[in-house]
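If you want the building blocks of each chain, they are given just below.
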Amino acid sequence: MSGGEMIRNKDIVVVGLQPWDIKIGSNCKNIALELAKYNRVLYVNAPLDQITFLRQRKEPAVAKRLEIRSSGKNLLPIGENMWNLYPKNIISSINWLRGQGLFNVLNKRNNRIFAADIRKAIRELSFKDIILFNDSDMFRSYYLEELLTPSVSIYYSRDNLMAVPYFYRHGRVLEPRLMKKSTLVCANSAYLAKVARQYNPHSFDVGQGCDLSVFDPAGIRGVPEDIAAIKGPIIGFIGALLSYRLDVPLLEELCKKKGEWSWVFVGKEDEGFQQSSLHGLANVHFLGLKKESQLPSYLAHFDVAINPQSINDMTVGNYPRKIDEYLAMGKPTVATATDTMELFRDHVYMGKGVEEYIELIGKALQDKDPVRAHKRILFARSHTWENSVLAICRAIREVRPGI
């Protein structure tokens, strides 16, 4: 990213749903790291709530927060231009409340408590004229624009959280309002950006960044034993095997109809997969959960990679990072057609239903063109966090040219 295109020398406050010490991948953390290359960044963990404090205080993550809270040093450096705030104050647990009126009163109180911790850190760091980046924290951070008075406020949408019961009760009211009052909305898919434009015309698809460093076809050495004995052609899927995200009935029909193909699934199964008829088919192989570093070796030995996604409120707007992983290995890929998948149309075979999947997998099995494989790799590797943050910076400047 060139320095001229990147926003520079700003003070940025990042709030969101995921703390800095989360064990899984985090869009918010990756974005913050990119912003910190040219700016000062305060990454704010969510405050503890009363129920978590009372019921989970012996859990390692909560115990760590309580220890930091009692130490008096809750603003920790995590890089040259970056700090992590562990809020000291505990907020009320209110999401179980059914009445909107009482929820709003207590949520405003929670926001004031949260904002007080952030303001203290802002003063300590001598931040001025802040940019506020909110990663989908629609409750605790709903009033932060009024309480922190940022020069620019960005709401970041990366999942359709209204499909999650925890968020739906109050979020169906608050998220649209928060989008509307934010300076702009950035989303990681075209679908979510389209949803956001209903509430804020300054809504942008900024794409998704991916760390594809391990998915390098040149680095593959050897064949894992548990896939080496499986006869080809191998049609494979890598990722969490979740029945609400993947179309189990479609897979059952495909695997029954195409018994001459070996179907390989690498990942942890939920109950829906465990109870499916797939386990009774001789041409279906569940290889279990693998370390991330092992995944490219399995993917390298797929003839075709698939993403047979269910289309529902939870999945329709999600950015499919596994597609980038497949393409980064140069693999012919067949996936369910969605609005978000339109981005991949030139590089992925897309369709719906059993017959169309069979036809497309057949075409993908014949796709041996090294030039097409190379184009798939180059396309996937263009989806970097650097490019995604550059798109965020362009969006900010489109709305606020003086930034």
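Look a little higher up for the structure.
In this text the structure is predicted, and so the values were computed from the model without any measurement.

(A) Quick look at the sheet that holds strand β6 (residues 152-157). Overall, mixed pairing links the 8 strands, which are arranged β3-β4-β2-β1-β5-β6-β7-β8 in an open sheet. Both edges of this open sheet fall to β3 (75-79) and β8 (203-205), since each of them pairs with a single strand only. Averaged over neighbouring strand pairs, the angle between their axes works out to 25 degrees when direction is ignored. Both strand β1 (residues 11-16) and strand β5 (residues 131-135) contribute to a ladder of 5 bridges, which runs parallel. Residue pairing in the sheet places Gly-16 in a bridge with Asp-135 of β5. Running over the sheet, helix α6 (residues 165-181) touches β5, β6 and β7 (184-187) and is turned about 140 degrees from β6.

(B) Inspection of the nonpolar core at higher detail. Formed by 57 residues in total, the largest nonpolar core has its most connected members in Trp-263, Phe-302, Ile-306, Val-334 and Ile-361. Per-element tally for this core: the top contributor is helix α13 (residues 354-365), with 7 residues. Once you skip the residues sitting within four places of it in the chain, Ile-361 turns out to touch Ile-235, Trp-261, Trp-263, Val-304, Ile-306 and Val-334. Within the second largest apolar cluster, 30 residues are counted, among which are Met-6, Ile-154, Cys-186 and Ala-391.

(C) Structural context of the environment of Val-185. Along the chain, the position of Val-185 falls in strand β7. Each C-alpha atom, one on Val-185 and one on Ile-396, is 9.4 Å from the other, the two residues being 211 residues apart in sequence. When neighbours within four sequence positions are excluded, Val-185 is seen to be in contact with Tyr-155, Met-179, Ala-196, Asn-200, His-202, Ser-203 and Phe-204.

(D) Quick peek at the pattern of salt bridges. Tallying each qualifying case throughout the model produces 17 salt bridges. Here Asp-135 and Arg-158 are joined by a salt bridge, their closest N and O atoms 2.8 Å apart. One end of the pair, Asp-135, is in strand β5; the other, Arg-158, is in the loop between β6 and α6, with 23 residues separating them in the sequence. Judged by its relative accessible area of 0%, Asp-135 falls in the buried class. Residue Arg-158 pairs with Asp-159 through a salt bridge whose shortest N-O separation is 3.1 Å.

Quick notes on the rules
Residues numbered from 1 in each chain as written. Predicted model: local features only at pLDDT ≥ 70, side-chain atom pairs only at ≥ 80, totals over all residues. Heavy atoms only, no water. Pairing = 2+ DSSP bridges. Helix = DSSP H or I, 4+ residues; strand = E, 2+ residues; numbered from the N terminus. Axes fitted to C-alpha atoms, helices over the stretch in contact; angles between N-to-C directions. Contact = heavy atoms within 4.5 Å. Core = buried A, V, L, I, M, F, W, Y, C linked by side-chain atoms within 4.5 Å. Buried < 20%, exposed > 50% of the residue type's maximum accessible area, 1.4 Å probe, protein only. Salt bridge = Lys/Arg side-chain N within 4 Å of Asp/Glu carboxyl O.

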